[in-house]
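Structure assessment
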Amino acid sequence: MKLSRDELKNLMKNKLIKAGLSEEHADMTAEILTWSDERGYHSHGAVRVEYYSERIAKGGITTDPKFEWKETGPCSAIYEGDNGCGYVASTFAMEKTIEMAKKSGIAVTGIRNISHSGSIGYYTEMAAKQDLVAIAFCQSDPMAVPFGGTEPYYGTNPISFAAPTADDRTVVFDMATTVQAWGKILDKRSRHEAIPDTWAVDEKGQPVTDSSLVNALLPIAGAKGYGLMMMVDVFAGVLLGVPFGKHVSSMYHDLSKGRDLGQMFIVMDPSRFVGLDAFKKSMSQVLDELGEMPAAEGYGKVYYPGERAVMRRDKAYETGGVEIVDEIYDYLVSDDVHYDRYDHKNRFAE
Ligand code: NAI
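Attention in this report is confined to the structure presented alongside it. Note that the structure is predicted; figures quoted are calculated from it, not measured. (Residues numbered from 1 in each chain as written. Predicted model: local features only at pLDDT ≥ 70, side-chain atom pairs only at ≥ 80, totals over all residues. Heavy atoms only, no water.)

It is worth spelling out a negative patch on the surface at this point. Negative charge collects at one region of the surface, where Glu 323, Asp 326, Glu 327 and Asp 330 lie side by side. Per element, the largest residue contribution to the negative patch is three residues, and it comes from helix H10 (residues 326–333). Among the secondary structure elements, Glu 323 is positioned in strand S11 (residues 322–323). (Patch = residues over 30% accessible without salt bridge, like charges linked within 9 Å, V, L, I, M, F, W, Y side chains within 5 Å. Areas by Shrake-Rupley, 256 points an atom, 1.4 Å probe, with all protein chains shown as cover. Salt bridge = Lys/Arg side-chain N within 4 Å of Asp/Glu carboxyl O. Lys, Arg positive; Asp, Glu negative; His and termini not counted. Charge placed at Lys NZ, Arg CZ, Asp CG, Glu CD. Helix = DSSP H or I, 4+ residues; strand = E, 2+ residues; numbered from the N terminus.)

Take a look at the structure:
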């Protein structure tokens, strides 16, 4: 089913309102979910609405959170999320971080006690659109083995960087630190298909190709990816005094409880370094040089991070809208808030 931007956003917004979010919070959340779906990040778009609705309806997302911005220095702050909607807390926190970075040159914000916040590239892009450079780190529920380990300890702990250019291009690098998302394993399992041996391990920590035997995901790039996912948890967890490592709450464990997740934003003003115009001009030069490079055989072009996402968005609207799978569309247009499908589920058993 292909939907226009407004149709998709409104369907998601209405469902979230029905589940219990305020009009403002539902609108902000639906905007980011639409941002993800239109860029082809379907793992973080409409597919999540039913889960969020169940969590909201069961009390695991505070619908009238007491958000609090606490400055801890001229360029540092804590944003207390009160287990409100992660998308909303993250957007407000990034707005405050941008303000502080413009004033102080750099701003570091630790966001504490939030629920899932989706594609974190949305938040770094917010800063880049205001001529700032940004980094975001975010915790997620334990499902990846440390390098050489047998048990899930870290989440898919994403990292995002964003930077402006002198033209309308924005670099948005945004990735999970696992080779694949858990959703890809579930998809293969449901089709009884094998997976490449680089994606996941079994209970003994050995690489598996049988998708039914997966016990944990593998970090990207071996020990290097493990180091990255660990440091994401150091910045977004240990440093903020929220649960860390294997103590991070599970997405599907108890939907009546808040998730207490942590996230960190670091935003810098290029005018405090090389100068804004020089920075943006050089960034445009970098993207031009990369884009003009002859591509290796089998690759159409050298893309900059985020370029293909914007191309997917533009193509979707040129060809009739954003593709949403029928089952999700049927749920979005139904009268049901949720189908009680996610609470107390063990993701490895599904
Ligand atoms: P991905 O693998 O699709 O892309 C990762 C990065 O590589 C992107 O910046 C993309 O622009 C770049 N890239 C991909 N192919 C490229 C190419 N051919 N040339 C140049 N650059 C290329 O993303 P991934 O890792 O699957 O993450 C998807 C989304 O999931 C992200 O938005 C991430 O923030 C989100 N996420 C959120 C989590 C949370 O708990 N909040 C947990 C994990 C992921």
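After that view, the rundown keeps rolling.
Take the sheet that holds strand S10 (residues 261–268) next. What the seven strands build is an open sheet, ordered S2-S3-S4-S10-S5-S6-S7; its pairing is mixed. With one partner strand each, in any of the chains shown, strand S2 (68–73) and strand S7 (170–175) form the two edges of the open sheet. Averaged over all adjacent pairs, the angle separating strand axes in this sheet is 15°, with direction ignored. Inspection of the sheet shows strand S3 (residues 76–80) paired to strand S4 (residues 106–114) by five bridges, in the parallel sense. Across the sheet, residue Tyr 79 finds its bridge partner in S4, namely Ile 111. The sheet contacts of helix H7 (residues 222–236) involve strand S5 (133–138), strand S6 (159–164), S7 and S10, and relative to S5 the element is tilted by about 95°. The strands that helix H8 (residues 276–292) touches are S5, S6 and S7; relative to S6, the one it contacts most, it runs at about 110°. (Pairing = 2+ DSSP bridges. Axes fitted to C-alpha atoms, helices over the stretch in contact; angles between N-to-C directions. Contact = heavy atoms within 4.5 Å.)

Moving on, we get to the packing of aromatic side chains. Summed over all chains, the structure comprises 14 aromatic pairs. Between Tyr 52 and Tyr 87, the ring centres sit 5.4 Å apart and the planes meet at 80°, which makes this aromatic pair edge-to-face. Pair noted here: Tyr 52 is in helix H3 (residues 49–58) and Tyr 87 is in helix H4 (residues 86–104), with a separation of 35 residues, a long-range link. On the accessibility criterion, Tyr 87 (1% relative accessible area) is buried. Plain terms: the ring middles of Tyr 331 and Tyr 339 are 5.7 Å apart, the flat faces sit at 75° to each other, and that makes the pair edge-to-face. Classification of Tyr 331 as buried rests on a relative accessible area of 4%. When its relative accessible area of 37% is taken as the criterion, Tyr 339 is described as partly exposed. Lys 15 extends its terminal NZ or CZ atom over the ring of Tyr 331, reaching a point 4.5 Å from the ring centre. Positioned above the aromatic ring of Tyr 303 is the side chain of Arg 308, whose terminal nitrogen or guanidinium carbon lies 5.9 Å from the ring centre. (Phe/Tyr/Trp six-rings, centres within 6.5 Å; stacked < 30°, edge-to-face > 60°. Buried < 20%, exposed > 50% of the residue type's maximum accessible area, 1.4 Å probe, protein only. Lys NZ or Arg CZ within 6 Å of the ring centre and 35° of its normal.)

Right, let's talk about a nonpolar patch on the surface for a bit. A surface patch of nonpolar side chains, about 220 Å² in accessible area, is lined by Val 286, Leu 290 and Met 293. With respect to the helices and strands, Val 286 occurs in helix H8.

This part covers the site of the ligand. Around the ligand sit 18 residues, and of these Gly 118, Ser 119, Asp 174, Ala 176 and Gly 306 come closest. At a separation of 3.1 Å, an oxygen atom of the ligand approaches a polar backbone atom of Ile 120. At a separation of 3.5 Å, an oxygen atom of the ligand approaches a polar backbone atom of Val 172. Tallied by class, the residues present in the shell around the ligand amount to nine nonpolar, seven polar and two charged. (Near = heavy atom within 4 Å. Polar contact = N/O pair within 3.5 Å; in protein donor to acceptor, adjacent residues only side chain to side chain. Nonpolar A, V, L, I, M, F, W, Y, C, P; charged D, E, K, R; others polar.)

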